[in-house]
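Close look at the chain arrangement
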Amino acid sequence: GTGPYRGVDNADTIVTLSQPLEIWGQRAARVRAARADADAASLRGELTRSEVAAQLATAYAQAESALRRHALAAEALMLTRKDADAVSAMVTQGREPELRAVQARSETANARAVLEEATAWRDAALARLASAAVLDGPVRAIADSLLDRVPPTPRETLAEALTVRIAQAEADAAGRLVELERRRALPELGVSVGQTRFRESGDRAYTLGLSLSIPLFDRNRSGIQAAYADQRAADARVAQSMRESEAERLAAVAGLKASTSRTRAADESVVAAEEAYRLSRIGFDAGRIAQLELRGMRAALINARSAAVDARLARVVAEIDLARLEGRAPFQEEK
């Protein structure tokens, strides 16, 4: 200014602190909305943990099945070579034509190729397991079996699935948001405290003020309508999630029961195939069974053992799906 107001020597210093009071339930609505969001986020965290457990269990089961297939391929190669040696001895003795020896060598080469393929699948599965488990070094072997573990019996009565609980929590959060938007349309009351320092005289003055903002033209109608739309969408997602979770759980339970029955049948088939191959080998050595019949029994044994591995892997996958729907770790009862 001019005169005594020239420069900043006579300037006044004003410090003001203001705080909205959030009356008429505004603060309570804001707190409830925040807590509803936190509850939904906590449930989503549980779902993430169950999904990670499912991924790790899947990688573990696949690695174990790859190890078993590799062992089966190695055993199949051993049996094929053993039968080929017996055929070669019979050809040398003139009991079998040379064609049988050629066929035996061809079967041995095929069994060796299958073993090499199983080795590649084993190494890849172990690498995926190490990646899923976030291990520093490669996995060489698996100590505890997951394929041989029997899943817990599915319960008849079950609490709501985790996905349904998440949808319900999100619907509750949407409802709290509607309440919050409605509270924002109410007048806002604020209080302020200030201090003024007059540099020329060194005096201080204190002020206390109240402010009331009345929303005459902005009643937050757009925000309320948007919150209502989100609430209706969340309610629709709850209904859809309930239907889908029930259908998925029934399918998972049916798949688990079917895979369990298939595992028992596969084990019985393996026992029968082992006995049939043992008897056919005795008959072949005694000259009462042809080489073609022995080859068929050996192929049946290999297929039966491979089917047993497939059945166990399918049982593990079914248990993993059911555990994911129930929001728990596989092969563990929900606490």
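One structure accompanies this document, and this report is about it. Since we're looking at a predicted model, the values are computed, not measured.

Packing of helix H2 (residues 98–132) against helix H5 (residues 291–326) brings their axes to within 11 Å, and their N-to-C directions diverge by 15°. Taken together, the axes of H2 and H5 are roughly parallel relative to one another. When you trace H2 past H5, the crossing you get is left-handed. Across the interface between the two elements, Arg 100, Gln 103 and Glu 107 from H2 touch Gln 291, Leu 292, Arg 295 and Arg 298 from H5.

What the largest pocket holds in volume is close to 390 Å³. Around the largest pocket sit 18 residues that line it, and Leu 72, Ala 73, Ala 76, Val 114 and Ile 302 are the ones nearest its centre. Among the elements of the structure, helix H1 (26–93), H2 and H5 are those that each provide at least two residues to the lining of the largest pocket. Counting residues per element, the lining of the largest pocket draws most heavily on H2, at seven residues. A breakdown of the residues in the lining of the largest pocket according to their chemical character gives nine nonpolar, four polar and five charged.

What follows concerns helix H3 (residues 162–184). The end-to-end C-alpha distance of H3, which contains 23 residues, comes to 33 Å, matching closely the 33 Å that a straight helix rising 1.5 Å per residue would cover. The complete set of buried residues in H3 reads Leu 162, Val 164, Ile 166, Ala 167, Ala 169, Ala 171, Ala 173, Ala 174, Val 178, Leu 180 and Glu 181. Buried residues belonging to H3 abut H1, helix H4 (221–285) and H5.

On to the sheet that holds strand E3 (residues 204–213), then. With antiparallel pairing, the three strands of this open sheet are ordered in space as E1-E2-E3. In this open sheet, the two strands that pair with only one neighbour each are strand E1 (12–20) and E3. The sheet shows a mean angle of 20° between the axes of neighbouring strands, taken without regard to direction. Summarising the sheet, strand E2 (residues 188–198) and E3 pair through 10 bridges and their orientation is antiparallel.

Our focus in this paragraph is the environment of Pro 187. On the secondary structure map, Pro 187 appears in the loop between H3 and E2. In this structure the C-alpha to C-alpha distance between Pro 187 and Lys 257, which are 70 residues apart in sequence, comes to 62 Å. Once you skip the residues sitting within four places of it in the chain, Pro 187 turns out to touch Trp 24, Gln 26, Leu 212, Ser 213, Ile 214 and Pro 215.

Thresholds, definitions, all that
- Residues numbered from 1 in each chain as written.
- Predicted model: local features only at pLDDT ≥ 70, side-chain atom pairs only at ≥ 80, totals over all residues.
- Heavy atoms only, no water.
- Axes fitted to C-alpha atoms, helices over the stretch in contact; angles between N-to-C directions.
- Helix = DSSP H or I, 4+ residues; strand = E, 2+ residues; numbered from the N terminus.
- Parallel < 35°, antiparallel > 145°, perpendicular 65-115°, else oblique.
- Left-handed = near helix turned anticlockwise from the far one by under 90°.
- Contact = heavy atoms within 4.5 Å.
- 1 Å grid on protein atoms, 1.4 Å probe; cavity = no way out; pocket = protein on both sides within 12 Å on 5 of 7 lines; lining within 4 Å.
- Points joined across faces, edges and corners; volume = space filled by probe spheres on them.
- Nonpolar A, V, L, I, M, F, W, Y, C, P; charged D, E, K, R; others polar.
- Expected span 1.5 Å × (residues − 1).
- Buried < 20%, exposed > 50% of the residue type's maximum accessible area, 1.4 Å probe, protein only.
- Pairing = 2+ DSSP bridges.

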